[in-house]
Amino acid sequence: MKKYLILALIVFGALPARAQIFSGEDVINNPNFDKQRFSYGYFLGFNTYDFDFDYKNYIEGASLGKDYSVDRTIGFNVGLIGNMRLSDHLDLRLEPGVSFNRINFQLTKADAGTFREINSTFVHIPLLLKFSTTRINNFKPFVVGGVSTSINLSSNENNPEDNEDGQFRMTTNNFYYEIGLGIDLYLYYFKFTPSIRGVFAINDELVRDDNPNSLYTRNVEKMSSRAIFINFTFQ
């Protein structure tokens, strides 16, 4: 009996939310929020990074195949948002933030001593265009896309030691393109926005070892990071 009562409470509790979406008769929260020329906020979220490798696959007459096995982990994002309204359906957004993450990988054709754990801290600065639908009561879906740059504070780019000394090196300054989607939820006191976005590096981020025959870098044509960001924005 209790479970049926709980189910009934859930159903009746969901009816106002359903009516708010379709009827247009409920209270509209923050009706003038999107009329502001500029608005600001902050975001918190999660990320998962990995590497995309392009291989040469041919060195001294031998096909080497794919050399790396990469494991994703969950990282953390935090940052600020500056939004400029361009029209009813278009906004320009600057979202400077910091992301913390870890990538584990190793060579698949070598012993366990080739395992590497890369802990990275990125200062990430995207410039994005946000394309929104017409607001439906207190909801407004959107898609977003643009370009970004980052500073990898843990890159080791200028470290004189390389993989022979246990140091994996990456470039410090990197460039990306981004695309994603989300939904604006207009609450009583603020706007809350969950979103998901793919982030894809454009440039080669690998700093080669000094030894041209290094197991770690000799067969890599290009190494670019890619990530998924899940952010929760408060404005």
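The rules behind each value
- Every chain is numbered independently, its residues counted from 1 as its sequence is written.
- Totals for whole chains, interfaces and linings use all residues, but because this is a predicted model, local features are given only for residues with pLDDT of at least 70 and pairs of side-chain atoms are given and counted only at 80 or more.
- The basis for every side-chain value is the complete set of non-hydrogen atoms in the structure, without hydrogens or water.
- In this text, helices come from DSSP runs of H or I with a minimum length of four residues, and strands from runs of E with a minimum of two, each type numbered from the N-terminal end.
- Burial classification: accessible surface area is computed with a 1.4 Å probe over protein chains only, and a residue below 20% of its type maximum counts as buried, one above 50% as exposed, and the rest as partly exposed.
- Note on definitions: a residue-residue contact is assigned when non-hydrogen atoms from the two residues lie within 4.5 Å.
- The rule for pairing is simple: two strands pair if DSSP sees at least two bridges between them.
- Each nonpolar core is a collection of buried residues, namely Ala, Val, Leu, Ile, Met, Phe, Trp, Tyr and Cys, held together in the definition by side-chain atoms within 4.5 Å.
- One speaks of a salt bridge when a side-chain nitrogen belonging to Lys or Arg is within 4 Å of a carboxyl oxygen belonging to Asp or Glu.
- The pocket and cavity definitions rest on a 1 Å grid over protein atoms only: a 1.4 Å probe that fits but cannot leave marks a cavity, an open set with protein on both sides within 12 Å along at least five of seven lines marks a pocket, and residues lining either have an atom within 4 Å of a point.
- Grid points are joined across faces, edges and corners, and a volume is the space filled by probe spheres set on the points.
- Throughout this entry, Asp, Glu, Lys and Arg are counted as charged residues, while Ala, Val, Leu, Ile, Met, Phe, Trp, Tyr, Cys and Pro are counted as nonpolar. The remaining residues, Gly among them, count as polar.

Colleague: Explain the environment of V70 residue by residue, including any values.
Modeller: Relative to the helices and strands, V70 resides in strand β2 (residues 68-71). Overall, the relative accessible area of 26% leaves V70 in the partly exposed class. Placed 19 residues apart in sequence, V70 and F51 show a C-alpha to C-alpha distance of 7.2 Å. Those residues in contact with V70 that sit more than four places away from it in its chain are D50, F51, F53, I103, N104 and F105.

Colleague: How would you sum up the pairing of strand β7 (residues 139-152)? Please name residues and give values.
Modeller: Of the strand pairs in this sheet, strand β6 (residues 116-132) and β7 are connected by 11 bridges, and their pairing is antiparallel. Looking at β7, one finds that L129 is bridged to G145. Taking the residues between adjacent antiparallel strands as the criterion, β6 and β7 are bridged by 6 residues, where N137 takes a positive phi near 55°. As defined by bridge partners, β7 adjoins strand β8 (residues 173-186) across 13 bridges and the pair is classed as antiparallel. Its bridge partner lying in β8, S150 is registered against N174.

Colleague: So what's going on with unusual backbone geometry? Residues and values would help.
Modeller: In this structure, N137 is a non-glycine residue whose phi angle is positive, near 55°. Tracing the backbone shows N137 in the loop between β6 and β7. Residue classification places N137 among the buried positions, given a relative accessible area of 11%. If you check the backbone angles, N156 has positive phi at about 65° while not being a glycine. Within the fold, N156 resides in the loop between β7 and β8.

Colleague: Now, about the nonpolar core: what can you tell me, with residues and values included?
Modeller: In this structure, F51, F53, Y68, F105, F168 and M223 are the most contacted members of the largest nonpolar core, which totals 20 residues. Listed by contribution, the elements that provide at least two residues to this core are β1 (38-55), β5 (97-107), β6, β9 (191-201) and β10 (220-234). Excluding anything up to four places from it in sequence, M223 contacts F51, D52, F53, F168, M170, N203, D204, E205 and L206.

Colleague: Report on the pattern of salt bridges, specifying residues and quantitative values.
Modeller: According to the stated counting rule, one finds 13 salt bridges in the structure shown. Salt-bridge contacts for D184 lead to K130; the nearest nitrogen and oxygen are separated by 2.7 Å. Of the two residues, D184 is situated in strand β8 and K130 in strand β6; the sequence distance between them amounts to 54 residues. For the residue pair D184 and K130, the accessibility class agrees, reading buried in each case. Ionic contacts of the salt-bridge type, sharing partners, join the residues D34, K130, K140, D184 and K191 into one network.

Colleague: Quick rundown of the layout of surface pockets? Include the residues and the values.
Modeller: The space that makes up the largest pocket amounts to roughly 170 Å³. As for the largest pocket, its lining consists of P31, D34, K35, R85, D88, H89, T133, T134, R135 and K140. By residue class, the composition of the lining of the largest pocket is 1 nonpolar, 3 polar and 6 charged.

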